[in-house]
Amino acid sequence: MRQPRYNYIQKLIDRITKFGQSNNDSFTYYGHLVELQSGTSGYVSVTLYKTDDRYGGELADFSFDYWTLELHFVRTVGKVLTEKIISAFRYFYAPRKIRVSYDKNEYEDEDTTYEYDETDWDKPPVKKLNK
């Protein structure tokens, strides 16, 4: 079976982060429904669906804080999509460092575990392979 490539992700992140894009909006992009939600202009929560409606299931659920440059993943369908989203944000915010965090419960599986340093919240989680 062929692995999805998610070639549209960089263009989608460009559209989401552009000045003037409403942070409370929903639109269809390359056949996928995208929902943006936010209460402020410095933060956006993004839900990307598999199809052009909510009933097809979610591809990704993540948020981005424009002030601290933190990208937080609640869930994605796979590591390939997660890496594509991270690289797209790093492309657009290259001179500054993007911090990536993960929802602890969603990103632990039989192959990987993320360990968090409870004393330093700014430190990203450390990925450990369970083998």
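The rules behind the values
Residues numbered from 1 in each chain as written. Predicted model: local features only at pLDDT ≥ 70, side-chain atom pairs only at ≥ 80, totals over all residues. Heavy atoms only, no water. Helix = DSSP H or I, 4+ residues; strand = E, 2+ residues; numbered from the N terminus. Contact = heavy atoms within 4.5 Å. Pairing = 2+ DSSP bridges. Axes fitted to C-alpha atoms, helices over the stretch in contact; angles between N-to-C directions. Core = buried A, V, L, I, M, F, W, Y, C linked by side-chain atoms within 4.5 Å. Buried < 20%, exposed > 50% of the residue type's maximum accessible area, 1.4 Å probe, protein only. Arc of directions from axis to C-beta. Salt bridge = Lys/Arg side-chain N within 4 Å of Asp/Glu carboxyl O.

Caption draft 1: Spotlight on the environment of Leu48. Note on placement: Leu48 falls in strand E3 (residues 43-49). On a C-alpha basis, the gap between Leu48 and Leu33 in space is 6.1 Å, while along the polypeptide they are 15 residues apart. Dropping the residues within four chain positions of it, Leu48 is found in contact with Tyr8, Ile9, Leu12, His32, Leu33, Val34, Glu58, Leu59 and Ala60.

Caption draft 2: Structural context of the sheet that holds strand E4 (residues 58-65). With mixed pairing, six strands are arranged side by side in an open sheet as E1-E2-E3-E4-E5-E6. At either end of the open sheet lies a strand with only one pairing partner, and these are strand E1 (25-29) and strand E6 (99-102). Direction aside, the axes of adjacent strands within the sheet are offset by 20° on average. On top of the sheet, helix H1 (residues 9-17) reaches E1, strand E2 (32-37), E3 and E4; it is set at about 155° to E1, its chief contact. Where helix H2 (residues 79-92) meets the sheet, its contacts fall on E4, strand E5 (70-76) and E6, and the angle it forms with E5 comes to roughly 160°.

Caption draft 3: Geometry of the nonpolar core. Core analysis: the largest hydrophobic core is formed by 29 residues, its most contacted members being Ile9, Phe62, Leu71 and Ile85. Elements supplying a minimum of two residues to this core: H1, E1, E2, E3, E4, E5, H2 and E6. With five residues, H2 is the largest single contributor of residues to this core. Excluding residues within four positions of it along the chain, Ile9 makes contact with Leu48, Leu81, Lys84, Ile85 and Ala88.

Caption draft 4: View of H1. Listed as buried for H1 are Ile9, Leu12, Ile13, Ile16 and Thr17. Summarising the axial view, the buried residues of H1 lie within an arc of 120°, below the 170-degree limit, and thus occupy one face. Each element contacted by the buried residues of H1 is listed here: E1, E2, E3, E4 and H2.

Caption draft 5: Representation of the pattern of salt bridges. The tally for this structure, following the rule as stated, stands at four salt bridges. Arg54 is the salt-bridge partner of Glu35, the closest N and O atoms lying 2.1 Å from each other. Of this pair, Glu35 sits in strand E2 while Arg54 sits in the loop between E3 and E4; the two residues are 19 residues apart in sequence, bridging distant segments of the chain. A residue is classified by how much of its surface remains accessible, and Arg54, at 49% relative accessible area, is partly exposed. Residue Arg99 pairs with Glu70 through a salt bridge whose shortest N-O separation is 3.4 Å. With Arg99 in strand E6 and Glu70 in strand E5, the pair connects residues that are 29 residues apart, well separated along the chain. Residue Arg99 is classed as partly exposed on the basis of its relative accessible area, which comes to 29%. Among the ionic contacts, a cluster of salt bridges with common partners joins Glu58, Asp61 and Arg75.

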